[in-house]
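Working through the structure, step by step
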Amino acid sequence: MHVCARNKPTPRLLCLVALVPMTAGAEMKSLDDQALAGISGQSGITLELDLQMEADRLSYFDDGQGIHLEGFRVGSASDPNRQAFHLVRVDITDDAALNLDYLVEDRRIEFGDIRLAGAPGLSMGGLYFDHSLEGRLSIRAGGATGGSGYTFDSAYTMTGGRLGYRTNGNEVFLDDITLNVEALGVTLDVVGDTLQLEAPRTVGAYEIGAIRYSNNPLNHGRSRDIVSGAELPSYGGLSGAFDITASTSLSAGGRAGEGLRIDNETVINSAHFLYIDDGRALALRDITGYYRVNDLRLDVTSDWHGRAALGLTLGSLEGEFAVGDIELGGAGRSLGGVNVSFLLEDQVFNGRTYSNAVYLQGGGHPDAGAQGLRLATEWSLRLADLSYVDDGNR
């Protein structure tokens, strides 16, 4: 397994981007002078960066098969010829913690094409993520198992975000994203051959102003049509909040040969979710539960028919969720609640073994163009239970 990059020369390449998390917004508003003074006017080292970075291709190889991220760019979200502004203050406190306070303005992270080496004429399409960001990251020596690991405290606010998927000049995107996250006491350790990440509590809230679609290539990363000036149609918005506890393990090895194994257990201490359409909401409130991912493997491979694919194959996935109230409409009338439990796992049915696998492939409908996404999938739901709760009756 190895990763390589082929760079395109640019006169304004700064490689300190690793100091600042790459999360994303477009049509950004400049952060005010008071906010800037709150960081640059304190002790420590202050770095101001104007960042523009490009690479023709970033490639990942697994057992001789590759996936290529092409047209990689980091720079301004509002103007492709401009740089993104970064401000980072580095400070070391008396307890030997490394503290990073940061501001990011008007940054876009983009991949123009995602291609598999085994299918050179096809593309999965491109992704872009815009944002402004303000936050703080503290790093201390010592993890959950002793002095060899690290402990992190992180809190950040993202505003004006936009996350888009693009094929053949058409795009669908989440517009006007706001996200607040706080994660304290996160530990990172190497246990044997496994990278162990423990997040005892992560809390956050988010809003997505609109889900939009455009079939005009000139509208790339814009909320309004560049010709008419009219706001692009919206499929509604989303909002929610969460309080979770998570444990994640990463280790080397795919389903066959090289690759990546992921194991995760997440407990949902509390959460809610709203879909909003013209001021009226469908709300799922008082959500609790857990899910457990066992032996998820990521490989650059082929599907059952020998077609090049990015494969995700699952050992098992189990979980339980309870939704205390389902509310509908402006008055917030409750429809009751639901409880769900499930187990996705390999099983034999009528002499055939069924598994859980998703293979991502380049190329959508042949009439739509060379860019697109195909899925080859198989699901095996071994157990499931669904119940409706109304006034305490189930």
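Residues numbered from 1 in each chain as written. Predicted model: local features only at pLDDT ≥ 70, side-chain atom pairs only at ≥ 80, totals over all residues. Heavy atoms only, no water.

**What to know about the nonpolar core**
Counting residues in each nonpolar core, the largest one holds 14 residues, and the members touching the most others are Val-88, Leu-100, Tyr-102, Leu-133 and Met-158. Sorting the residues of this core by element identifies strand 5 (84-92), strand 6 (98-111), strand 8 (126-141), strand 10 (170-191) and strand 11 (194-214) as the ones contributing at least two each. Listed in part, the 8 residues of the second largest apolar core include Ile-114, Met-124, Val-300 and Leu-310. (Core = buried A, V, L, I, M, F, W, Y, C linked by side-chain atoms within 4.5 Å. Buried < 20%, exposed > 50% of the residue type's maximum accessible area, 1.4 Å probe, protein only. Helix = DSSP H or I, 4+ residues; strand = E, 2+ residues; numbered from the N terminus.)

**Examining the packing of aromatic side chains**
Within this structure, the stated rule accounts for 3 aromatic pairs. Taken together, a centroid distance of 5.0 Å and an interplanar angle of 75 degrees make the contact between Trp-304 and Tyr-359 edge-to-face. Separated by 55 residues along the polypeptide, Trp-304 in the loop between strand 14 (280-302) and strand 15 (308-328) and Tyr-359 in strand 20 (residues 356-362) bring together distant segments of the chain. A relative accessible area of 45% places Trp-304 in the partly exposed class. (Phe/Tyr/Trp six-rings, centres within 6.5 Å; stacked < 30°, edge-to-face > 60°.)

**Examining the pairing of strand 9 (residues 150-167)**
Where a strand is regular, its side chains alternate between the two sheet faces. In the sheet, strand 8 pairs with strand 9 via 15 bridges, with the strands oriented antiparallel. Within strand 9, the position partnered with Leu-133 by the bridge is Met-158. Pairing between strand 9 and strand 10: 15 bridges, direction antiparallel. Bridged to Ser-154 within strand 10 is Ala-183. Here strand 9 folds back onto strand 10 in antiparallel fashion, the turn holding 2 residues, of which Asn-168 has a positive phi close to 50 degrees. (Pairing = 2+ DSSP bridges.)

**Here's the deal with a nonpolar patch on the surface**
Together, Val-172, Tyr-213 and Tyr-235 line one region of the surface with nonpolar side chains, adding up to about 280 Å² of accessible area. Locating Tyr-235 in the fold gives a position in the loop between strand 11 and strand 12 (237-252). (Patch = residues over 30% accessible without salt bridge, like charges linked within 9 Å, V, L, I, M, F, W, Y side chains within 5 Å. Areas by Shrake-Rupley, 256 points an atom, 1.4 Å probe, with all protein chains shown as cover. Salt bridge = Lys/Arg side-chain N within 4 Å of Asp/Glu carboxyl O.)

**A closer look at the pattern of salt bridges**
Two side chains bearing opposite charge may form a pair once their charged atoms approach each other closely. All chains considered together, the criterion is met by 24 salt bridges. Note that Glu-327 and Arg-285 form a salt bridge whose closest N and O atoms lie 2.9 Å from each other. In this pair, Glu-327 sits in strand 15 while Arg-285 sits in strand 14, placing the two residues 42 residues apart along the sequence. Assessed through its relative accessible area of 28%, Arg-285 is described here as partly exposed. In the salt-bridge network here, residues are joined through shared partners; they are Arg-108, Asp-130, Arg-162, Asp-175, Arg-212 and Glu-231.

**Some thoughts on the side chain of Thr-266**
Relative to the elements of secondary structure, Thr-266 occurs in strand 13 (residues 260-277). For Thr-266, a relative accessible area of 4% translates into the label buried. Setting aside residues up to four positions removed in sequence, Thr-266 forms contacts with Ile-244, Thr-245, Ala-246, Gly-289, Tyr-290 and Tyr-291. (Contact = heavy atoms within 4.5 Å.)

**Details of the pairing of strand 4 (residues 65-76)**
For strand 4, the buried fraction is high: 9 of the 12 residues fall into the buried class. Two strands pair when backbone bridges link them, and strand 3 (residues 53-62) and strand 4 are joined in this way by 9 bridges, in the antiparallel orientation. If you follow Ser-59 over to strand 4, its bridge partner there is His-68. Adjacent in sequence and paired antiparallel, strand 3 and strand 4 are bridged by 2 residues, among which Asp-63 carries a positive phi angle near 55 degrees.

**A few points about the confidence of the model for the protein**
Averaged over the protein, the pLDDT score is 88; the fraction of residues at 70 or greater is 88%. Of all secondary-structure elements in the protein, the lowest mean pLDDT belongs to helix 1 (residues 33-40), at 45, while strand 12 reaches the highest, 98. Note that residues 1-42 has pLDDT below 50 and, in this model, 110 contacts with residues that lie over four places away or in other chains. (pLDDT = per-residue confidence, 0-100.)

**Notes on unusual backbone geometry**
Even without being glycine, Asp-63 reaches a positive phi, approximately 55 degrees. Relative to the helices and strands, Asp-63 is located in the loop between strand 3 and strand 4. Unlike most non-glycine residues, Asp-295 shows phi in positive territory, near 60 degrees. Among the secondary structure elements, Asp-295 is positioned in strand 14. For Asp-295, a relative accessible area of 12% corresponds to the buried category.

**Observations regarding the environment of Leu-314**
Relative to the elements of secondary structure, Leu-314 occurs in strand 15. As a C-alpha pair, Leu-314 and Leu-296 span 18 residues in sequence and 4.5 Å in three-dimensional space. In contact with Leu-314, other than residues within four places in its own chain, are Arg-255, Val-293, Asn-294, Asp-295, Leu-296, Asp-346 and Asn-356.

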